[in-house]
Structures are given as C-alpha cells and as structure tokens.
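Tertiary structure, described
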Amino acid sequence: MSDENIVPELGEGTRAVRVGLPEPVKHEPTLPGPVFAAHYHLPGDPTGPYAYGRDQNPTWTLLERAIGELEAPGGEQVETLAFASGMAAISAVLFSQLRSGDVLVLPSDGYNVLPLAGEQLRSYGVEVRNAPTGGDAQLDALDGATLLWLETPSNPGLDVCDIRRLCEAAHERDCLVAVDNTLATPLGQRPLELGADFAVASGTKQLTGHGDVLLGYVVGRDAGLMAAVRRWRKIVGAIPGPMEAWLAHRSLATLQLRADRQSTNALAVAEALKGRPEVTGLRYPGLRDDPSHKIASQQMRRFGCVVSFSLPTRARADRFLDALRLVDDATSFGGVRSTAERRGRWGGDAVPEGFIRFSAGAEDTDDLVADVLRALDVATG
Ligand SMILES: *Cc1c(COP(=O)(O)O)cnc(C)c1O
C-alpha cells in the first residue's frame, strides 16, 4: 500500500498507522530511520530539496507530510513545518506575521508562555489585546485586528470557544486566525476545516505522547503565509532534531489508540471526581453538564485527556498528589503515563492554590479511577 492510497474515507486509526510513509521500496524499511545530516552532497548549482540541514531534512519531510494529512485529511493542499518545540512553532507564526502597528488578539487564559511572547511583540510596536476563551469573548476585541490567536480547549482552564464563528468574524475584518491545537490534537479537532488560517501545536504533549520529545508544528493552506513562517524558521533556526522528528512520526501510528484510551480515562476520572464533595471547579469538555460541552461537541471528535479541578487547599492538593501511585507529579500532559500537578506552583496561571491539572494516561480505566479515589481519601486524612 502506498501513501496515495490513504484516501480520506478510511478510518482515522487506519490512516494514523500509515500517515506520511514513503512509497514502499524493496529491502527498505517502512519508516526510514532518522537522517543525521548537517549538509548533503551538492555539486554544482545549489538546488533543492536537500542542501543544508537547517533548511530541510528528509526525516522532517515525512513527518510534515504525516501531520499535514492528520490536520487536513480531505486532500486539501496544505503546507506543514516542524519546529523544535511548540513555542518555536507559535513564535514562528506570531513573529513572521506581525509588524509594528499591527494588532494581535490573544486569549487571556492561554498557555502560560503566551504572555511573554505578547510582551516581546509589544516592545516591537505590536498592539496586544487580551480576552478570555470562554463565551467567545475574543469577538469583542477584533476591530482593527491583524491576527487572532485561539487556544481551545484552553490550557489549563479547559474553556472552549467556537472556532468557526470566530474565524468568520475575523475574516470579515481581514484578520488572520491561528488555533493552538495542542490539547485536542488533530484527532480531536481540525482547525483548518473550521476556517482557521493556521493550525499550530506543541507535539511535545499528546501528539507524540511518551514524554520524551519536544516538538512543534505549523500547518497552513496559504503558500504566501507559510513562506513567511518557513523564512522565520530559517532565520531563528528553531528546527527539530532528526531523532525527535523520527520518534514523533513513529508515535503517530498509535495516536488514535492513545487518544481513545486517554479520553475514555479522562471522562471516567471526571465522572468519579464529580461525586466528591471536596472537589470544586471540575472541568472536562466531555462532561455533559460542562459549560464547554455544547460547543465542544460541535467541533471536537474527542474531548482530550486533561481534566481540571480544585481541592480546598494547597496542602490538601499536595497530599493528594503525593498519595497517587499510578500518576506522576509532573508538568506537561498527554503522555501514556498519567501525570498531575498543582498548577499554582508555577505562578503563571490565574488559578486557585488547590487547582490540579490532571492528564489521563493509557492505564486500565478501573486502576486509574481507583488510584484517584484512594488518593482523595488519603488527602482527606
Ligand atoms: C505545552 C504547550 C505549548 C508549548 O509547547 P512546548 O513544546 O513546550 O514548547 C503551547 N501551547 C500549549 C497549549 C501547550 O500546552
């Protein structure tokens, strides 16, 4: 079977195991190993595709094709660029698209490094406006805007905004839209189909899912816009290593399996937390009575692996984390091993001291739920 046979009608799992693979060549591996090269043989005129390692690498090419097929499976022409990290990808869009005098609309409740990028842009003469994700509040900040940045579901608050509605409103005002798709992954939501100009994500989280790789990507359909993003990658040099790119591609084969199990586990943990009197502020877009559920069900196919909630005090949250046996106290999310952390320890998010971001892994559902309930009991003391 060749890559051309990966038609959109095939199921997501079927496509996931084959995305980006090259044409079969006798005696060659299915997924060629990482190409470690700073430069390539290049006699005569310097023509592409492979000349210098900061610009191109065959291992990235396969990964980029794979991610493009996941974000835009309908056969639409898109361009994908891999980066050294999610922040490298985010910065590449922000810094390649915005000039002095432009207006950027950021979510006020987005990833906690986003405000730093906003500050930097402000120092270059970009006007930065902030509005929350919930209730599509960014709509009110769009007049005169150049670029609208969405993060949905937002990390760590798990609010959801209506991507299609916001894209329509932005495009009416000639404003571009980028969506951070880290939490949902392309199997959870496809921003380009909902109207976005860029789908951007950290591949460090559930996309690669094993907590051993930092990676980012940008997918876009406009060749001119993407040329500017590519140019930025060349200028800054925020490129992924071949090993990381290869590990990421290898991991995509199990993305559907992982995403299914992890969202099942997240929902089960959320349901279990619902019954506990000490838990407040429980959020999971997959819960029927969650404020995000209605819009999430319209635009998402899976609700993700992250559950947010608060325990009454910082001490109680610390005791809970300490008592967990199957869940590592660690930052980040999306890995096959469950993790949780008291988010307030970083100081960057507007969250209560007892706020916990819980990332459901691929453990057996009953084991995970039992561990969470037992740790809650221990924390109660
Ligand atoms: C982690 C994260 C990022 C940053 O990704 P890195 O790979 O850590 O640079 C960006 N956006 C969201 C929503 C994230 O969770």
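Everything here concerns the structure above.
Read on for an overview of the structure. (Residues numbered from 1 in each chain as written. Predicted model: local features only at pLDDT ≥ 70, side-chain atom pairs only at ≥ 80, totals over all residues. Heavy atoms only, no water.)

Quick look at the overall build of the protein now. Tallying secondary structure elements over the protein gives 11 helices and 12 strands in all. Relative to the compact-globule value of 21 Å for 381 residues, the protein shows a C-alpha radius of gyration of 21 Å, a close match. Each of the three principal axes of the protein carries a C-alpha extent, and together these read 75 × 55 × 35 Å. Here the protein holds 381 residues, and the buried ones make up 55% of them. For the protein, contacts bridging at least 24 residues in sequence account for 68% of all contacts bridging at least 6. In the form shown here, the protein has an accessible surface area of approximately 16100 Å², with 53% of it arising from carbon and sulfur atoms. When the 38 basic and 50 acidic side-chain charges of the protein are each reduced to a single mean position, those positions are 2 Å apart. (Helix = DSSP H or I, 4+ residues; strand = E, 2+ residues; numbered from the N terminus. Rg over C-alpha atoms; globule rule 2.2 N^0.38 Å. Buried < 20%, exposed > 50% of the residue type's maximum accessible area, 1.4 Å probe, protein only. Contact = heavy atoms within 4.5 Å. Areas by Shrake-Rupley, 256 points an atom, 1.4 Å probe, with all protein chains shown as cover. Lys, Arg positive; Asp, Glu negative; His and termini not counted. Charge placed at Lys NZ, Arg CZ, Asp CG, Glu CD.)

Going through the model one piece at a time under the given rule, you end up with 25 salt bridges. Of the charged contacts, one joins Glu-193 and Arg-190 as a salt bridge, the two residues approaching to 3.0 Å between their closest N and O atoms. Residue Arg-261 pairs with Asp-364 through a salt bridge whose shortest N-O separation is 3.6 Å. With a gap of 103 residues between them, Arg-261 in helix H8 (residues 255-274) and Asp-364 in the loop between strand S12 (355-359) and helix H11 (365-380) connect regions that are remote in the sequence. Arg-261 gets classed as partly exposed once you look at its relative accessible area, which sits at 32%. Three or more residues are tied together by salt bridges with common partners; here these are Glu-12, Arg-190, Glu-193, Asp-260, Arg-301 and Arg-302. (Salt bridge = Lys/Arg side-chain N within 4 Å of Asp/Glu carboxyl O.)

A word on the nonpolar core. If you look at the biggest cluster of nonpolar residues, it comprises 34 residues, and the most contacted ones within it are Leu-273, Val-307, Phe-309, Phe-320, Ile-356 and Phe-358. For this core, the elements supplying multiple residues, two or more each, are H8, strand S9 (306-310), helix H10 (314-323), S12 and H11. Apart from the residues lying within four places of it in its own chain, the contact partners of Leu-273 are Val-279, Leu-282, Val-307, Phe-309, Val-372 and Leu-376. Formed by 28 residues, the second largest nonpolar core is a distinct cluster that contains Val-93, Phe-198, Leu-225 and Ala-238. (Core = buried A, V, L, I, M, F, W, Y, C linked by side-chain atoms within 4.5 Å.)

Another point: the site of the ligand. In the vicinity of the ligand lie 14 residues, with Gly-86, Asp-180, Ser-202, Thr-204 and Lys-205 positioned nearest. One of the side-chain nitrogen or oxygen atoms of Ser-202 is found 2.8 Å away from an oxygen atom of the ligand. Sorting elements by how many residues they give to the shell around the ligand places helix H3 (residues 86-97) first, with 3 residues. (Near = heavy atom within 4 Å. Polar contact = N/O pair within 3.5 Å; in protein donor to acceptor, adjacent residues only side chain to side chain.)

Read across the open sheet, the 7 strands follow the order S1-S7-S6-S5-S4-S2-S3; overall the sheet is mixed. The sheet terminates laterally at strand S1 (79-83) and strand S3 (127-131), the two strands that pair on one side only. The average undirected angle you get between the axes of adjacent strands in this sheet is 20°. Here helix H6 (residues 223-236) sits on the sheet in contact with S1, strand S5 (176-180), strand S6 (198-202) and strand S7 (216-220), set at roughly 20° to S1. (Pairing = 2+ DSSP bridges. Axes fitted to C-alpha atoms, helices over the stretch in contact; angles between N-to-C directions.)

Below, the discussion takes up the packing of aromatic side chains. Under the counting rule described, the total for this entry stands at 4 aromatic pairs. Plain terms: the ring middles of Tyr-40 and Tyr-50 are 5.6 Å apart, the flat faces sit at 45° to each other, and that makes the pair tilted. Taken as a pair, Tyr-40 in the loop between helix H1 (12-16) and helix H2 (58-71) and Tyr-50 in the loop between H1 and H2 lie far apart in primary sequence, 10 residues in all. Residue Tyr-40 is classed as buried on the basis of its relative accessible area, which comes to 16%. Ring geometry for Phe-95 against Trp-232: centres 5.6 Å apart, planes inclined by 20°, an arrangement best described as stacked. One end of the pair, Phe-95, is in helix H3; the other, Trp-232, is in helix H6, with 137 residues separating them in the sequence. (Phe/Tyr/Trp six-rings, centres within 6.5 Å; stacked < 30°, edge-to-face > 60°.)

A few words on the packing of H3 against H6. Two elements in contact, H3 and H6, have axes whose closest approach is 9 Å; the angle formed by their N-to-C orientations is 115°. Judged on the interaxial angle alone, H6 and H3 are roughly perpendicular. Relative to H6, H3 is oriented so that their crossing is right-handed. Contact residues: H3 offers Ser-91, Ala-92, Phe-95, Ser-96 and Gln-97, while H6 offers Leu-225, Ala-228, Val-229 and Trp-232. Its residues assigned to classes, the contact of H3 with H6 shows 6 nonpolar, 3 polar and no charged. (Parallel < 35°, antiparallel > 145°, perpendicular 65-115°, else oblique. Left-handed = near helix turned anticlockwise from the far one by under 90°. Nonpolar A, V, L, I, M, F, W, Y, C, P; charged D, E, K, R; others polar.)

What follows is about the packing of H3 against helix H4 (residues 114-123). Between H3 and H4, the least distance of the axes is 11 Å, while the angle of their chain directions is 25°. Considering the angle they form, H3 stands roughly parallel to H4. Seen along the crossing, H3 lies across H4 with a hand that is right-handed. In this structure, H3 contributes Ile-90, Leu-94 and Phe-95 to the contact, and H4 contributes Leu-114, Ala-117, Gln-120 and Leu-121.

Mapped onto the elements of the fold, Asn-181 is located in the loop between S5 and S6. On the basis of relative accessible area, Asn-181 is assigned to the buried category, the value being 0%. At a separation of 2.9 Å, a polar atom in the side chain of Asn-181 contacts the main-chain carbonyl oxygen of Gln-189. Other than its neighbours up to four places away in sequence, Asn-181 contacts Glu-71, Pro-186, Gln-189, Pro-191, Val-200 and Ala-201.

One can find Thr-182 in the loop between S5 and S6. In this structure Thr-182 comes out as buried when scored by relative accessible area, which is 7%. Distance in space between the C-alpha atoms of Thr-182 and Thr-152 is 8.6 Å, their sequence separation being 30 residues. Apart from the residues within four sequence positions on either side, Thr-182 is in contact with Val-200, Ala-201, Ser-202, Lys-205 and Phe-333. In this structure the side chain of Thr-182 is engaged in a polar contact, spanning 2.5 Å, whose partner is the side chain of Asp-180.

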